[in-house]
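# Examining the three-dimensional arrangement
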Amino acid sequence: METVPADAPEGRSRVSDAVSTVALLGTGIMGSGMARNLLRAGHEVRVWNRTREKAAALAADGAVVADAPAEAVAGADVVLTMLADGPAVARAMAAAVEGLTAGQVWAQMGTVGVTALDELAAFAGEHGLVFVDAPVQGTRQPAEAGTLVVLASGPADPRLDPVFAAIGSKVLRAGDEPGAATRLKLATVGYAITVTAAVGEALALAEGLGVDTDLFAQALTGGPMDNPYLQAKMRAVLERDFAPSFTVRGAEKDTGLISEAAEEAGVRVDLAVAARARFHRADALGHGDADMAAGYFAGFPEQP
């Protein structure tokens with residue numbers, strides 16, 4: 001796997017060598033940060049979101065807000081999709097057909113799973129689009145800072161170079177065929193999700209056993225099990241600050257995709273299955289839109 005550094009300096013106001021018109025479908029937690037960094041880099045950005053208010057908020061930053069996907073993609077050099085799941089991407093792109101032009105490059109950047117990715121690639125082929133599988137590694141903060149890691153597979157289309165440079169700190173080329181990047185993303189996000197679930201479960205256990213959770217944190221801090229990710233998720237639970245970087249509902253969705261892909265590959269992913277059950281309980285308790293650290297509440301299924 002080749003590592004390609006993004007060809008832009010660090011900072012939030014990077015200017016691309018080639019300014020382009022970018023259509024971004026999906027302006028949620030991740031998409032809105034990506035849009036702002038594309039605008040800072042000098043691109044013309046057209047945005048569309050099913051809930052229009054989320055896209056409209058970007059008008060103040062200079063984005064053109066489209067009322068329909070076809071309006072957003074018409075004449076765009078690059079089309080990006082950053083939507084919740086495969087069906088959402090498929091619906092948006094089906095609605096965009098009248099505005100699409102053969103030869104446009106489409107980077108699918110959300111986490112949609114292997115099956116949906118294959119279906120989207122087939123759609124791209126039917127309409128003559130250059131399809132690049134490019135999910136991103138990172139959450140709200142890297143999206144806002146322009147420091148996402150882009151996992152890319154498929155054609156190495158130069159039109160995407162300045163776009164990826166605006167939103168990410170590096171690009172990892174996973175392969176020449178779409179699907180390789182999605183498989184890499186499922187493995188990396190599976191690690192993040194199961195670690196988060198383990199942190200929440202351990203804190204819930206400590207609390208249930210009457211252990212001072214501050215002592216629990218002190219016991220891990222500075223030792224061989226310590227790391228920045230542990231500190232971030234542990235702090236979120238201890239401070240009850242669940243402002244979403246990646247939601248409980250998103251983690252539940254992704255663990256489902258991981259389980260589906262693993263079953264197809266003949267691999268047992270017991271931790272992902274268990275994590276999904278915890279996130280499902282946390283969602284049922286009303287924490288679906290909170291950060292996935294709120295999976296902690298799954299340890300107390302009788303409490304709201």
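Residues numbered from 1 in each chain as written. Predicted model: local features only at pLDDT ≥ 70, side-chain atom pairs only at ≥ 80, totals over all residues. Heavy atoms only, no water.

## Quick notes on the nonpolar core
So the rule is basically this: Residue types Ala, Val, Leu, Ile, Met, Phe, Trp, Tyr and Cys, when buried and joined through side-chain atoms within 4.5 Å, form a set referred to as a nonpolar core. Think of it in three bands: with a 1.4 Å probe and only protein chains considered, a residue is buried below 20% of the maximum accessible area for its type, exposed above 50%, and partly exposed in between. Helix and strand labels come from DSSP, where a helix needs a run of H or I of at least four residues and a strand needs a run of E of at least two; each type is numbered from the N terminus. Throughout, a contact is declared for two residues whenever any of their heavy atoms are within 4.5 Å.
Residues Leu38, Val47, Leu80, Met109, Val150, Leu160 and Phe164 are the most contacted members of the largest nonpolar core, which totals 33 residues. Of all the secondary structure elements, the ones that give two or more residues to this core are β2 (21-25), α1 (29-40), β3 (44-48), β5 (78-81), β6 (105-108), β9 (148-153) and α7 (161-167). Top element by residues in this core is α1. It accounts for 5 residues. In contact with Leu160, other than residues within four places in its own chain, are Val78, Leu80, Val105, Ala107 and Val132. Within the second largest apolar cluster, 32 residues are counted, among which are Ala217, Met234, Phe242 and Tyr296.

## Focus: the pattern of salt bridges
Inclusion rule: Between Lys or Arg on one side and Asp or Glu on the other, a salt bridge is scored when a side-chain nitrogen of the former is within 4 Å of a carboxyl oxygen of the latter.
Applying the stated criterion to the full structure yields 13 salt bridges. Residues Lys253 and Asp254 are paired through a salt bridge, measuring 2.7 Å at the closest nitrogen-oxygen approach. Given the relative accessible area of 25%, Lys253 is considered partly exposed. The salt bridge involving Asp270 is made with Arg268; its shortest N-O contact spans 3.1 Å. Here Asp270 falls in the partly exposed class, since its relative accessible area comes to 48%. Here the residues in one salt-bridge network are Arg249, Asp283 and Asp289, joined through shared partners.

## So, empty space enclosed by the protein
Just so we agree on the cut-off: In this analysis the probe radius is 1.4 Å and the grid spacing 1 Å, with only protein atoms considered; a cavity is a set of points the probe fits into but cannot get out of, a pocket is an open set with protein on both sides within 12 Å along at least five of seven lines, and lining residues have an atom within 4 Å of a point. Grid points are joined across faces, edges and corners, and a volume is the space filled by probe spheres set on the points. Put simply, Ala, Val, Leu, Ile, Met, Phe, Trp, Tyr, Cys and Pro go in the nonpolar bin, Asp, Glu, Lys and Arg in the charged bin, and everything else, Gly too, in the polar bin.
Tallying each qualifying case throughout the model produces 1 cavity of 30 Å³ or more. Of the volumes computed, that of the largest cavity is approximately 30 Å³. In terms of lining, the largest cavity is formed by Thr196, Ala197, Gly200, Arg278, Phe279, Met292, Ala293, Gly295 and Tyr296. Breaking the lining of the largest cavity down by element, the ones donating at least two residues are α8 (180-208) and α12 (270-287). Among the elements that make up the lining of the largest cavity, the one with the highest residue count is α8 (3 residues). Residue composition of the lining of the largest cavity, grouped by class: 5 nonpolar, 3 polar and 1 charged.

## Looking at helix α11 (residues 248-265)
Every α-helix carries 3.6 residues per turn, so stepping three or four residues along brings you back to the same face. The line we're drawing: Expected span of a helix: the number of residues minus one, times 1.5 Å.
With 18 residues, α11 should cover 26 Å at 1.5 Å per step; its first-to-last C-alpha distance of 26 Å lies within 8% of that length. Gly266 lies just past α11 and shows a positive phi near 75°.

## Comments concerning the pairing of β3
To keep things clear, this is the line we draw: Seen with its strands pointing away from the viewer, a crossover is right-handed if its path from the first strand over the helix to the second goes clockwise. Two strands make a pair as long as DSSP finds a minimum of two bridges between them.
Here β3 lies mainly inside the structure; 4 of its 5 residues are buried. Where the polypeptide runs from β2 across α1 and back to β3, its parallel neighbour, the crossover connection is right-handed. Note that β3 and strand β4 (residues 64-65) share 2 bridges and pair parallel. From the neighbouring strand, Val47 faces β4, where its bridge partner is Val65.

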